[in-house]
Amino acid sequence: MKQMLILLCCISILVLSGGCVEKEEKEKRQNRDFTICTVEQTPDEVKKIIENKKKNPFQFTYSLQEYMYIVVGYGEQKGGGYSIEVVEFTEDREHIYVNTNLLGSDDTAGEELHSYPYIVIKCVKPQKNIIFL
């Protein structure tokens, strides 16, 4: 019985301390500068990759000279007029975190129209891994 009580205490301490570590790590993230590219500002190589992937949801990065392009696509959607917001674009010592959100369509054109919403985020090339949230 005494061993069971000690085991439960140890498990409780581990569970509670795990949450603290995650909160500390998230607080260490800092906002990172970025630019949203228009179609005209997007490199041709990136446009070709988007065209090949656009029917299904996708995420990829593309490096060109001193910049990185981070691309998130939401696949084929009924209607048009969608927009995408950048919810989070932060970094810590080892990673860059990217979180985007597809916002609904105001277009009531019906089901005959299909669109392929995506966003191209440009930033100075990091020496870190990208984490899509």
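A short tour of the structure in this document, coming up. What you see is a predicted model, and the numbers here were worked out from it, not measured in a lab. (Residues numbered from 1 in each chain as written. Predicted model: local features only at pLDDT ≥ 70, side-chain atom pairs only at ≥ 80, totals over all residues. Heavy atoms only, no water.)

1. Here's the deal with the overall build of the protein chain
So, point 1. For the protein chain, the count of helices and strands is two helices and ten strands.
So, point 2. Secondary structure elements in the protein chain, listed N-terminal to C-terminal, are α-β-β-α-β-β-β-β-β-β-β-β.
So, point 3. Here the protein chain holds 133 residues, and the buried ones make up 29% of them.
So, point 4. Relative to all contacts within the protein chain whose residues are 6 or more apart in sequence, the contacts with residues 24 or more apart total 68%.
So, point 5. Of the roughly 9,300 Å² of accessible surface on the protein chain, 52% is carried by carbon and sulfur atoms. (Helix = DSSP H or I, 4+ residues; strand = E, 2+ residues; numbered from the N terminus. Buried < 20%, exposed > 50% of the residue type's maximum accessible area, 1.4 Å probe, protein only. Contact = heavy atoms within 4.5 Å. Areas by Shrake-Rupley, 256 points an atom, 1.4 Å probe, with all protein chains shown as cover.)

2. Describing the packing of aromatic side chains
For any two aromatic rings, the description comes down to two numbers: the centre-to-centre distance and the angle of the planes.
So, point 1. The full count for this structure, using the stated rule, is two aromatic pairs.
So, point 2. A centroid spacing of 5.8 Å and a plane angle of 25° characterise the contact between Phe58 and Phe60, whose relative ring orientation is stacked. In this pair, the class of Phe58 matches that of Phe60, namely buried.
So, point 3. Over the ring of Tyr97 we find Arg29; its NZ or CZ atom is 3.6 Å from the centre of that ring. (Phe/Tyr/Trp six-rings, centres within 6.5 Å; stacked < 30°, edge-to-face > 60°. Lys NZ or Arg CZ within 6 Å of the ring centre and 35° of its normal.)

3. Comments concerning the sheet that holds strand β9 (residues 118-124)
Strands pair in a sheet through their backbones, by hydrogen bonds, and they do so in one of two ways: parallel or antiparallel.
So, point 1. Spatially, β2-β9-β4-β3 is the arrangement adopted by the four strands of the open sheet, whose pairing is antiparallel. The open sheet is flanked by β2 (35-36) and β3 (57-64), the only strands paired with a single partner.
So, point 2. Here β3 runs beside strand β4 (residues 67-74); their pairing, made up of eight bridges, is antiparallel. Each residue of the ladder has a partner; that of Phe58, found in β4, is Gly73.
So, point 3. In the packing of helix α2 (residues 44-53) onto the sheet, contacts are made with β3, β4 and β9, and the angle to β3 comes to roughly 165°. (Pairing = 2+ DSSP bridges. Axes fitted to C-alpha atoms, helices over the stretch in contact; angles between N-to-C directions.)

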